[in-house]
Amino acid sequence: MAFSPTSSPTAPRRIVIVGGVAGGMSAAARARRLDEGAEIIVLEQSDYVSFANCGLPYHLSGEIEQRDALLLHTPETLAAALALDVRVGSRVTSIDRAARTVSVATAEGTYDLGYDALLLATGAVAVRPPIDGLDDAAVHSLRTIPDLDALTVQVDELLATRAEGQQPHAVVVGAGFIGLEAVEALAARGLRVELVELADHVLPPLDPELAALVGDELRTHGVGLHLGVAAKSIVPRPDGARTVTLSDGTALTADVVVVNVGVRPASDLAREAGLELGHQGAVRVDDDQRTSDPHIWAVGDAVEVTQAVSGLAGPVPLAGPANRQGRRAADTMLGHRTTPQAPVLGTAIVRVFGLTAAVTGPNQATLRRAGIDHEVVRVHPGHHAGYFPGTEQVHIVATFSPDGRLLGAQAVGRAGVDKRIDVLATALRAGMSADDLAELELAYAPPYGSAKDPVNMLGFVAQNVLDGTMPQWHPDELDDVVAHSLVLDVRSRGEYERGHVEPSLNIPHTELRERLDEVREAAGERPVSLLCASGVRSHIATRVLLAAGVDARNLSGGWLTLVAARPDVAARTAVPAA
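Residues numbered from 1 in each chain as written. Predicted model: local features only at pLDDT ≥ 70, side-chain atom pairs only at ≥ 80, totals over all residues. Heavy atoms only, no water.

Draft legend 1. Representation of the overall build of the chain. Regarding its fold elements, the chain presents 18 helices and 32 strands. The C-alpha radius of gyration of the chain comes to 27 Å, within 12% of the 25 Å expected for a compact globule of 578 residues. Oriented by its inertia axes, the alpha-carbon framework of the chain measures out at about 90 × 70 × 45 Å. Long-range contacts, defined here as pairs at least 24 residues apart, represent 62% of the contacts in the chain between residues at least 6 apart. (Helix = DSSP H or I, 4+ residues; strand = E, 2+ residues; numbered from the N terminus. Rg over C-alpha atoms; globule rule 2.2 N^0.38 Å. Contact = heavy atoms within 4.5 Å.)

This is the structure we're talking about:
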């Protein structure tokens with residue numbers, strides 16, 4: 001289709017957009033670029049129509065020094081650059097679909113505004129957990145500029161008025177992406193931070209074995225973790241601090257409390273207008289962002305999307321999809337060629353002190369709930385060539401369908417995580433398989449990667465698992481493995497002595513070929529379950545045993561994965577240092 005910078009003769013002449021920030025402003029800017037003659041009105045209930053909400057924690061920490069850096073545009077700059085009529089402090093209270101008008105409340109009064117096309121970019125609102133004292137002045141969230149301002153003022157005051165040697169205390173409730181960013185920011189400002197999470201591990205989208213690495217990083221930086229518990233009450237104390245009481249009875253001292261336990265779609269306006277909603281309350285839209293009313297579109301955190309692989313429907317509050325949805329909505333409003341909404345991968349990343357954690361696609365728990373058959377593959381390669389100084393391990397967990405198609409991936413590490421998860425997100429969008437990952441041609445020089453990139457290595461291991469070359473067992477099978485097989489640890493004797501599975505036989509992999517009879521005698525009629533540090537040496541040993549006619553399988557991810565998934569194993573077997 002040939003591109004035209006102007007709209008079709010039937011395009012709407014007045015576009016009204018409810019809400020700014022990612023989805024709303026993307027739609028407004030795209031609509032102006034496509035149609036210079038359209039009247040485009042943006043109604044934003046707050047004073048900030050375009051700000052970097054993802055950057056809020058980094059201003060709190062001081063990493064982004066200037067608050068104004070977060071303010072991307074103002075009504076004045078948008079009027080000058082794009083001829084947009086942006087009205088802040090304007091809250092839409094109702095929609096009259098028959099008359100095609102919206103009612104707008106401002107400080108000066110209310111008025112009705114007509115539209116030819118209406119876009120709802122109402123976003124999401126913070127979930128309010130059932131905590132007594134949630135409205136206390138010391139309790140904050142971190143989603144908007146006013147949230148940031150209020151929290152920054154209190155932190156600054158605490159630091160300015162503390163006694164010498166005193167460290168203010170913060171409690172963060174919710175260990176999701178924003179919660180972890182808040183923890184890092186508060187710790188950077190010098191506060192002692194306690195983190196409370198209802199799930200049994202931090203960052204619930206991560207599989208537990210990788211989340212354990214994030215938990216270790218938090219503890220290393222002095223953050224107290226309270227997992228599998230909820231905050232029940234926040235009560236003022238005579239000294240001006242607060243006591244946060246948890247469901248297990250623990251009482252935490254807090255000078256400031258940050259609550260970020262998730263969001264829900266801000267869909268009240270759509271519901272009251274009679275638009276169709278999904279089962280989680282998000283606005284239901286078609287592939288072009290059109291709602292059940294042909295003159296109304298919706299984008300962003302308030303809309304329902306289909307999640308890739310699992311096929312589950314619900315909101316996915318991420319900036320990337322919201323921006324693309326805004327562009328798509330403007331295209332379809334103006335009769336322009338567009339790309340229909342693809343299933344959302346949920347690709348996300350977070351920095352936690354010196355560690356990075358990232359995900360794309362569903363995790364293992366989601367796949368199990370959806371009844372999707374899958375194989376789990378784990379690798380721990382270096383982020384660049386091992387002989388080049390500074391190499392760091394990238395811990396990757398990925399799932400594949402029985403036919404080899406990539407279903408999801410996660411990674412944690414100190415370097416190279418973002419690059420690998422972006423490659424894997426692209427592969428997931430493209431429907432690539434283990435074979436495709438193995439054959440990817442990725443940039444290589446020693447400071448940047450390896451000739452066999454971690455993504456290639458993931459593909460190689462997945463090929464071996466899926467075609468039966470490497471039978472494997474998993475950490476959650478440990479108790480059964482110990483009861484019904486011989487556990488063969490092929491690490492060095494020094495590694496074995498620092499921690500091992502009980503009972504197990506230790507034969508370093510370089511000695512295995514000469515000691516096969518010893519393995520057969522120890523195993524008897526039982527299969528042999530092998531492990532090493534990461535799964536590489538035990539893969540070699542597994543192949544040796546299989547070639548010798550021994551029923552053998554390899555621990556996926558090795559000891560590194562086992563002690564992350566089952567920390568009790570390391571605790572009960574480690575030998576104290578001399």
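Picking up after the structure, the text goes on.
Draft legend 2. Local environment of the sheet that holds strand β23 (residues 348-352). Strand order in the open sheet made by the five strands is β23-β24-β27-β26-β25, with antiparallel pairing throughout. Because the sheet does not close on itself, it has two edges, and the strands there are β23 and β25 (375-379). When the angles between neighbouring strand axes are averaged without regard to direction, this sheet yields 10°. Bridge count for β23 against strand β24 (residues 355-360) is five bridges, and the pairing is antiparallel. Across the sheet, A348 pairs through a bridge with V359, a residue of β24. (Pairing = 2+ DSSP bridges. Axes fitted to C-alpha atoms, helices over the stretch in contact; angles between N-to-C directions.)

Draft legend 3. Region of interest: the pattern of salt bridges. Enumeration according to the criterion identifies 28 salt bridges in this entry. With its nearest N and O atoms 2.8 Å apart, the salt bridge here joins D85 to R87. When the shortest N-O distance is used, the salt bridge between R378 and E209 registers 2.5 Å. Taken together, the positions of R378 in strand β25 and E209 in helix α6 (residues 208-220) put the pair 169 residues apart, joining distant regions of the chain. Because the salt bridges share partners, they merge into one network encompassing R493, E511, R515 and E518. (Salt bridge = Lys/Arg side-chain N within 4 Å of Asp/Glu carboxyl O.)

Draft legend 4. Molecular detail of the environment of R491. Its place among the elements puts R491 in the loop between β29 (486-489) and α14 (493-497). Taking relative accessible area as the criterion, R491 reaches 3% and is therefore assigned buried. Here R491 is in contact with Y496, G499, H500, N506, P508, L531, C532, A533, R537 and W559, once residues within four sequence places are set aside. For R491, the side chain forms a polar contact with the main-chain oxygen of G499, separated by 2.6 Å. (Buried < 20%, exposed > 50% of the residue type's maximum accessible area, 1.4 Å probe, protein only. Polar contact = N/O pair within 3.5 Å; in protein donor to acceptor, adjacent residues only side chain to side chain.)

Draft legend 5. Representation of the sheet that holds strand β14 (residues 224-227) in the model. If you trace the five strands from one edge of the open sheet to the other, you get β11-β18-β12-β13-β14, paired in parallel fashion. Two strands close off the open sheet at either side, each with one partner strand: β11 (139-140) and β14. The sheet strands contacting helix α4 (residues 145-161) are β11 and β18 (256-259), and the helix crosses β18 at an angle near 155°. Packing of helix α5 (residues 177-188) onto the sheet brings it into contact with β12 (169-173), β13 (192-197) and β18, and relative to β13 it is tilted by some 170°.

Draft legend 6. Fine view of the layout of surface pockets. The computed volume of the second largest pocket comes to approximately 440 Å³. Every residue lining the second largest pocket is counted, 27 residues in all, and those nearest its centre are V379, M457, V461, S534 and V536. Ranked by residue count, the leading element in the lining of the second largest pocket is helix α12 (residues 454-466), at four residues. In terms of residue class, the lining of the second largest pocket is built from 10 nonpolar, 15 polar and two charged. (1 Å grid on protein atoms, 1.4 Å probe; cavity = no way out; pocket = protein on both sides within 12 Å on 5 of 7 lines; lining within 4 Å. Points joined across faces, edges and corners; volume = space filled by probe spheres on them. Nonpolar A, V, L, I, M, F, W, Y, C, P; charged D, E, K, R; others polar.)

Draft legend 7. How the structure looks around the packing of helix α1 (residues 21-34) against helix α8 (residues 319-333). Look at α1 against α8: their axes get within 7 Å of each other, and the N-to-C directions meet at 35°. Where α1 crosses over α8, the two elements pack in a sense that is right-handed. Between α1, through A22, G23, S26, A27, R30, A31, R33 and L34, and α8, the contact on the second element is made entirely by A319, A322, N323, G326, R327, A330 and D331. (Left-handed = near helix turned anticlockwise from the far one by under 90°.)

Draft legend 8. View of helix α16 (residues 536-547). Given a rise of 1.5 Å per residue, 12 residues ought to cover 16 Å, and the 17 Å separating the end C-alpha atoms of α16 matches this to within 8%. Along α16, the residues that are buried comprise S538, H539, A541, T542, V544 and L545. Looking at the buried positions of α16, the neighbouring elements they touch are α12, β29, α15 (516-523), β31 (528-531) and β32 (552-555). G549, located one to two residues past α16, shows a positive phi value of around 85°. (Expected span 1.5 Å × (residues − 1).)

Draft legend 9. Representation of unusual backbone geometry within the structure. Residue P503 is reached from E502 by a cis peptide bond, and omega for that bond is -10°. Here P503 shows up in the loop between α14 and β30 (505-506). Despite not being glycine, F353 has its phi angle at roughly 55°, a positive value. Within the element layout of this structure, F353 appears in the loop between β23 and β24.

Draft legend 10. Molecular detail of the confidence of the model for the chain. With 97% of its residues at a pLDDT of 70 or more, the chain shows a mean pLDDT of 95. Contacts from residues 1-7, a stretch scored under 50 in pLDDT, to residues over four places away or in other chains number 11 contacts. (pLDDT = per-residue confidence, 0-100.)

Draft legend 11. Quick peek at the packing of aromatic side chains. Counted according to the given criterion, the structure contains zero aromatic pairs. Over the face of the ring belonging to W559 we find R491, whose NZ or CZ atom lies 4.6 Å from the ring centre. (Phe/Tyr/Trp six-rings, centres within 6.5 Å; stacked < 30°, edge-to-face > 60°. Lys NZ or Arg CZ within 6 Å of the ring centre and 35° of its normal.)

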